[in-house]
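Each chain, letter by letter, is given below.
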Amino acid sequence: QRAAREHIADPVSTALQEHRMTVLQAQQELVSHHQQEKSNLKELQERRERLKEDLRDKTASLHIDLNCLTHEAVSFNGKASTSLSQHKLSKAMKLDRSFVPGAVHSAR
């Protein structure tokens, strides 16, 4: 049978114990960082979904605005009818290549 363990702290045992404690602490930090990263990823995914919804809404609004710009009421024999306004269509189709969503634009 094995003798009871000696309670002598030799340099090798001390170094091994310190290394073990360091490894355990590093593992706890990694687990904590992993949890934080999972939380951050979830938040980013939720934000992306909200941005996608916002983009869908803004795209629908843009289509409504373009429709309004490209059609105008015209009186024809006293009755209102819609016809394509070439002037408004050409204006609506001009793209501002320097436009950046969310950026503050100065008057030209």
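Quick notes on the rules
Residues numbered from 1 in each chain as written. Predicted model: local features only at pLDDT ≥ 70, side-chain atom pairs only at ≥ 80, totals over all residues. Heavy atoms only, no water. Helix = DSSP H or I, 4+ residues; strand = E, 2+ residues; numbered from the N terminus. Buried < 20%, exposed > 50% of the residue type's maximum accessible area, 1.4 Å probe, protein only. Areas by Shrake-Rupley, 256 points an atom, 1.4 Å probe, with all protein chains shown as cover. Salt bridge = Lys/Arg side-chain N within 4 Å of Asp/Glu carboxyl O. pLDDT = per-residue confidence, 0-100.

1. Describing the overall build of the protein
Phase 1: Helix and strand counts for the protein stand at two helices and two strands.
Phase 2: Along the protein, helices (α) and strands (β) appear in the sequence α-β-β-α when read from the amino end.
Phase 3: Across the 108 residues of the protein, 3% fall into the buried class.
Phase 4: With an accessible surface of roughly 10,600 Å², the protein has 57% of that area assigned to carbon and sulfur atoms.

2. Quick notes on the pattern of salt bridges
Phase 1: Tallying each qualifying case throughout the model produces three salt bridges.
Phase 2: Note that Glu43 is salt-bridged to Arg47, the shortest N-O span being 2.7 Å. Taken together, the residues Glu43 and Arg47, both in helix α1 (residues 11-70) and four residues apart, mark about one turn of the helix.

3. Considering the confidence of the model for the protein
Phase 1: Of all residues in the protein, 58% attain a pLDDT of 70 or more, and the chain-wide mean is 78.
Phase 2: Per-element averaging of pLDDT across the protein places strand β1 (residues 71-76) at the bottom with 53 and α1 at the top with 93.

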